Structure formats: C-alpha cells, structure tokens
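# Examining the three-dimensional arrangement
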Amino acid sequence: MSLVTKIHAPQIKIPATYMRGGTSKGVFFNLTDLPEDCQVAGSARDALLLRVIGSPDPYGKQTDGMGGATSSTSKTAIISTSEQADHDVDYLFGQVAIDKPFVDWSGNCGNLTAAVGSFAISSGLVAASRIPDNGVCTVRIWQKNIQKTILAHVPISNGQVQETGDFELDGVTFPAAEIPVEFISPVDPSEAMFPTGNVVDALEVPGIGTFQATMITAGIPTIFLNAEALGYTGTELQDAINSDEEALARFETIRAYGAVKMGLISDISEAKTRQHTPKIAFVAPAQDYVTSSGKNIAADEIDLQVRALSMGKLHHAMMGTAAVAIASAASIPGTLVALATGKADISSVTFAHPSGTLTVGAEASLDNDKWTVNKVVMSRSARVLMEGWVRVPSK
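The structure reproduced in this document is the subject of the present report. (Residues numbered from 1 in each chain as written. Predicted model: local features only at pLDDT ≥ 70, side-chain atom pairs only at ≥ 80, totals over all residues. Heavy atoms only, no water.)

### Focus: the side chain of Ser55
Along the chain, Ser55 turns up in the loop between helix 1 (43-53) and strand 3 (75-81). Given a relative accessible area of 8%, Ser55 falls into the buried group. Looking at Ser55, its side chain comes within polar contact range of the main-chain oxygen of Ile98, at 3.3 Å. Excluding residues within four positions of it along the chain, Ser55 makes contact with Leu50, Gln62, Val96, Ala97 and Ile98. (Helix = DSSP H or I, 4+ residues; strand = E, 2+ residues; numbered from the N terminus. Buried < 20%, exposed > 50% of the residue type's maximum accessible area, 1.4 Å probe, protein only. Polar contact = N/O pair within 3.5 Å; in protein donor to acceptor, adjacent residues only side chain to side chain. Contact = heavy atoms within 4.5 Å.)

### As for the packing of aromatic side chains
Applying the stated criterion to the full structure yields four aromatic pairs. Ring geometry for Tyr232 against Phe282: centres 5.2 Å apart, planes inclined by 25°, an arrangement best described as stacked. Residue Tyr232 is found in the loop between strand 12 (222-226) and helix 3 (238-242), and its partner Phe282 is found in strand 13 (residues 279-285); the two are separated by 50 residues along the sequence. Ring geometry for Phe251 versus Phe282: centroids 5.8 Å apart, planes at 15°, classification stacked. Taken together, the residues span a long stretch of sequence, with Phe251 in helix 4 (residues 245-261) and Phe282 in strand 13 at a distance of 31 residues. A connected cluster of aromatic rings, assembled from ring pairs, spans Tyr232, Phe251 and Phe282. In this structure, Lys13 packs its charged tip against the face of Trp389, placed 4.3 Å from the ring centre. In this structure, Arg45 packs its charged tip against the face of Trp105, placed 5.9 Å from the ring centre. (Phe/Tyr/Trp six-rings, centres within 6.5 Å; stacked < 30°, edge-to-face > 60°. Lys NZ or Arg CZ within 6 Å of the ring centre and 35° of its normal.)

### Some thoughts on the pairing of strand 9 (residues 179-184)
Taken together, the four bridges between strand 7 (residues 148-157) and strand 9 define a ladder with antiparallel strand orientation. Looking at the pairing, Ala152 lines up with Val181 of strand 9. Pairing of strand 9 with strand 20 (residues 370-380), which is carried by six bridges, proceeds in the antiparallel orientation. Paired with Ile179 across the bridge in strand 20 is Arg380. (Pairing = 2+ DSSP bridges.)

Here's what the structure looks like:
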C-alpha cells in the first residue's frame, strides 16, 4: 500500500518563555521576536496568539497548544523596551478565549505582572546598571492595556533573578521567591473610580432580579454583589459554581447588564466579545471554611470571603487585578466589600478565596468628595517553567 502525502509548509518557531506569575501562567514574548506583521496590533497578531495557545478549541481542552484550558492558563504577554519615560518595559497582556476565536485586550493580568519583571531582567530589557549583584531590582513596568505604572521588586542573587525561596502563595503548590508588586494609581485621576457615581447601586437584571452592587474600576473593572442575594454563603469552591450551567449563565447575564451600567459597553450583546472585563465577584462576612486543598481557615484569620469569576468560570484563587479592586473597595466606606468586613478604616485587607487567603494593602483618599487610590501592594511569586521556542504552523 502506497502512502501519498501532500506537502505542507513547515512550522515556524518563535522565541518564547513559558512562565508562572502568581496563580496564573502564560507564554511570554519579546516584541521584537514576533514575526514582523505580529509586532503591531491586528488580526495577524491575534491569529498567532490563538494558535500558540490552541484556540479556539470546541473540545475546551487546548490540547493542540500551550493553553491549560482555564482562564488562568490561557494567557499571553508581550514585553518590550518601554516607550515611556522613567519606565523599563512595556507590558501588553492578551487573554485568549478557550472556545472562541478572539483575544481580549481590554484589561491587565495582575498575577502575570509578577513574572514581567523577572522576564524583563532575564531578557536584557532592563539596563545592567540598574541590576544589583545581590539585592532587589525594581522593574518599572508600563502596563499598556490600562495605561498604568506597576513596580515589581525582583530579588537578585549573583546578578541573576532569584526564583527559588520560601514564600508561600495560596493557589500555588510550591514555595518560591517573594516579589512585592505595587500598582501605582490604579484609577486614572481623570476617570471615576465608581462609574455610576455611587459606592452601591441597584443593578436591575431583567428576568433575574435587582441586586445591590458595587461597581469599581480600580485594578480592573469589577462588579461586586452580596453572596446571600445570589443564594450563596460565600464559602463556595469551584465545583459548586462551575458545574452549574444555569448559575454560570445567570452570572454572565448579570455581568453583561453591569457592564452596560458601568459604561463599558453600550449593549449587552457586546459582552460576548469582552469576556475579560468587567469581572464579577460576590462577597460575604468572614466565616470558617475549608479550602480546595483541604486546609481549614478560621473566621478570625480573615476579614471577609470573596469569590470571583474570570472568563465565565469561578476562579480557583483570585485574579491579581481583582485583588486590587477588592483592596480598593475595602478601603472605602459604604462599598459592599467594606460592609462585608464589618470594619472601618481598612488599609490592609485579608480575604479568603477558594484556594486560601491573600493580604493586600491599599492607600485610598477622599478629595473634593471624590475617592482615589494612590497605590495597592501585594506579594506574588514567579518562575520560568520552560524557555526556548514555541512552534506554530505556517499561514
């Protein structure tokens, strides 16, 4: 039996680094390593990143790509020498849909931000004069999606990025080196932190109900609801939400109407192509619970419970940008987040998520009846998982 084959063009290979940052992981590229037509925004770049990650995949597994079939592992980052004064690198984040052919550029990934500094140093994108032999290198990052400054404090040993350490992060199995990350002025002073002008609104969702909601733009646009109003306790783990298709559809409908009220979209139909933002989350007072790893967390160890959805599913831990929103909202009296803590004047909040807890600090101030957040600080970790080339079929 003879085998007749058609000759196809070979795959192309592109330098890339596969990294974990916080509780996420993604494929990192140096902008100048991308094919020329992918070095600018457009369909060519989107098509490349979709193929790298393995989307769209109707099976929902991303088997033929680098993605891990969850919102936390379907991510890409493009890093370049910064075009902004007093910054080291520009960071562009692309959230790749799993079963649909689009890349969402509407927001940042706070978790991967921890890996940006390490990647920048190791890739020679930070001036050698700014890297100590031993100590900490502060990488000044310009986040291009949201036009904000982020500082990543990366530990250095013998002139190299220190990746190993004993810092433990709930949602990540193994310890690593601690990387404090500062989100500077996460809300543009020219924009309203609360798009509606209120710290709590009545969000009417036809066919579902009317909910109290805090809608905030700090870190990433986020809609906070009360767990009790949704029929939850606030201690739910992933399976309780993600195995309930009716609940997921309800969350998506609420998110769509919230996006309209926040002015992010003009019609709920547009939410289908804006899955990354806004996020939707629900809060509840502190209470005992058991994490997804079986760890017991006592109510007196935390300030409140928070659960957040990303790309249509309950997140296994907490998105870094949503953590910025949580800390910002907790520091402002009257928000649903602050009310759930039952405390006043919170500058640092410890909240529970499905995998454990996270402590985040925020500096908020009121000026002429307008709230602003000066910075939000949290610690993450990051490390290189694999480096070399990623291969994709030619066009």
